[in-house]
Amino acid sequence: GEWLKFKLSYSGWVKAGYATLKVEDAKYKGQSVYHVVGKGWTTGAIKWFFKVKDRYESYFDKTNGKPYKFVRNIYEGGYTKNRTVEFDYNNNLAHINDIKKGTKTTEPIQPDIQDMLSAYYYLRDHYDTETIRVGEVVELKMFFDDEIFTFKLKFLGRETIKTKFGKVKCLKFRPYVMAGRVFHEEESVTLWVSADKNKIPLKIQADLRVGSLRSDLEAFKGLKHPFEIQL
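Residues numbered from 1 in each chain as written. Predicted model: local features only at pLDDT ≥ 70, side-chain atom pairs only at ≥ 80, totals over all residues. Heavy atoms only, no water.

S.K.: Account for the layout of surface pockets, with residues named and values stated.
M.R.: Roughly 520 Å³ of volume is contained in the second largest pocket. Taken together, 23 residues form the lining of the second largest pocket, with Y34, Y121, R124, D125 and K224 sitting closest to its centre. Secondary-structure elements contributing two or more residues to the lining of the second largest pocket are β2 (14-28), β4 (52-61) and α2 (118-126). No other element matches α2, which puts 5 residues into the lining of the second largest pocket. For the lining of the second largest pocket, the residue count by class is 5 nonpolar, 8 polar and 10 charged. (1 Å grid on protein atoms, 1.4 Å probe; cavity = no way out; pocket = protein on both sides within 12 Å on 5 of 7 lines; lining within 4 Å. Points joined across faces, edges and corners; volume = space filled by probe spheres on them. Helix = DSSP H or I, 4+ residues; strand = E, 2+ residues; numbered from the N terminus. Nonpolar A, V, L, I, M, F, W, Y, C, P; charged D, E, K, R; others polar.)

Dropping the structure here:
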């Protein structure tokens with residue numbers, strides 16, 4: 001039932017779009033799982049010269065966070081992808097269905113793999129934020145497109161930031177990203193998450209190859225724990 005909505009702005013002042021994350025109960029091959037849907041889209045003047053319409057989905061285990069299925073269907077300024085990945089842990093294989101190209105392939109995986117969405121929810125449940133120290137780096141194996149990447153998240157410290165809801169104590173992180181088509185360099189993104197039990201993203205700042213992008217939490221509902229705000 002958790003639902004988060006984010007407002008996106010380009011280069012600090014241009015309204016760029018919105019993104020949402022929604023968690024639902026679902027069934028995957030008869031098993032009870034969490035189904036997360038992430039959407040992102042451009043609005044206003046931005047969409048006329050760089051339209052974005054993205055949809056990501058993940059089905060993952062309620063207990064251990066293992067992903068079973070990942071969906072990526074995106075349109076980003078003419079760049080498109082539409083594929084599904086199903087994780088077979090009996091044979092340690094990822095079954096990739098590229099719907100756009102009409103091809104099906106398999107790639108080897110390892111039992112502790114995560115996808116792009118499940119990784120966030122896995123870290124919320126399994127990353128001890130009480131004992132972490134500044135500079136500490138956590139690593140996850142992430143399957144993206146048809147490859148395994150080592151996802152790194154560096155803890156930068158604690159900080160209180162001003163949000164539309166009031167002042168909120170945060171944990172500040174540096175997720176390392178792939179430099180190239182979108183991001184300027186590996187250390188282009190900074191993330192602030194609430195320091196309460198929810199650990200929800202409140203603010204993201206990203207330096208792009210052209211300009212910058214900022215995301216701020218705009219609305220929420222269905223949180224498991226009270227949202228701790230300093231008035």
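S.K.: Provide a residue-level description of the pairing of strand β10 (residues 137-144), including the pertinent values.
M.R.: Inspection of the sheet shows strand β9 (residues 113-114) paired to β10 by 2 bridges, in the parallel sense. Looking at β10, one finds that Q114 is bridged to M142. A crossover connection joins β9 to the parallel β10 through α2; in handedness this β-α-β unit is right-handed. Pairing of β10 with strand β11 (residues 147-163), which is carried by 8 bridges, proceeds in the antiparallel orientation. Considered in β11, the bridge of L140 is made with F151. The hairpin turn running from β10 into β11, its antiparallel successor, is 2 residues long, and D145 in that turn takes a positive phi close to 60 degrees. (Pairing = 2+ DSSP bridges. Right-handed = clockwise from strand over helix to strand, strands pointing away.)

S.K.: I'd love a proper account of the packing of aromatic side chains, names of residues and values included.
M.R.: Under the counting rule described, the total for this entry stands at 15 aromatic pairs. Considering the side-chain rings of F87 and F143, the 5.9 Å spacing of their centres and the 90 degrees angle between planes classify their relative orientation as edge-to-face. Here the residue F87 occupies a position in strand β6 (residues 79-88), and F143 occupies one in strand β10, the gap between them amounting to 56 residues. A single burial state applies to F87 and to F143, both of which are buried. Judged by centre distance (5.2 Å) and plane angle (70 degrees), the ring pair of F165 and F220 falls under edge-to-face. In this pair, F165 is assigned in the loop between β11 and β12 (166-175) and F220 in strand β15 (residues 212-221), connecting sequence segments 55 residues apart. Look at F220 and you get partly exposed, because its relative accessible area is 29%. (Phe/Tyr/Trp six-rings, centres within 6.5 Å; stacked < 30°, edge-to-face > 60°. Buried < 20%, exposed > 50% of the residue type's maximum accessible area, 1.4 Å probe, protein only.)

S.K.: Can you lay out the pattern of salt bridges for me, pointing to particular residues and giving the numbers?
M.R.: All chains considered together, the criterion is met by 11 salt bridges. Where E24 meets K22, a salt bridge forms, and the shortest distance between an N and an O atom there is 3.4 Å. Judged by relative accessible area, E24 falls into the partly exposed class, the value being 35%. Note on K22: relative accessible area 40%, which makes it partly exposed. Across the pair E159 and K172 runs a salt bridge whose closest N-O atoms are separated by 3.5 Å. Placement of E159 in strand β11 and of K172 in strand β12 is noted, with a sequence separation of 13 residues between them. Of the residues examined, K172 reaches a relative accessible area of 21% and is grouped as partly exposed. (Salt bridge = Lys/Arg side-chain N within 4 Å of Asp/Glu carboxyl O.)

S.K.: Pulling in residues and values, what's your account of the pairing of β4?
M.R.: Most of β4 sits out of view: 8 of its 10 residues are buried. Bridge count for strand β3 (residues 31-42) against β4 is 9 bridges, and the pairing is antiparallel. Of the residues in β4, the one forming a bridge with H35 is Y59. In this structure, β4 lies alongside strand β5 (residues 67-76), joined through 9 bridges in antiparallel fashion. Across the sheet, residue D54 finds its bridge partner in β5, namely I74.

S.K.: An account of the side chain of Q114 is needed here, citing residue identities and associated values.
M.R.: Mapped onto the elements of the fold, Q114 is located in strand β9. Given a relative accessible area of 3%, Q114 falls into the buried group. Excluding residues that lie within four positions of it along the chain, Q114 makes contacts with G65, P67, A119, Y122, L140, K141, M142 and F143. (Contact = heavy atoms within 4.5 Å.)

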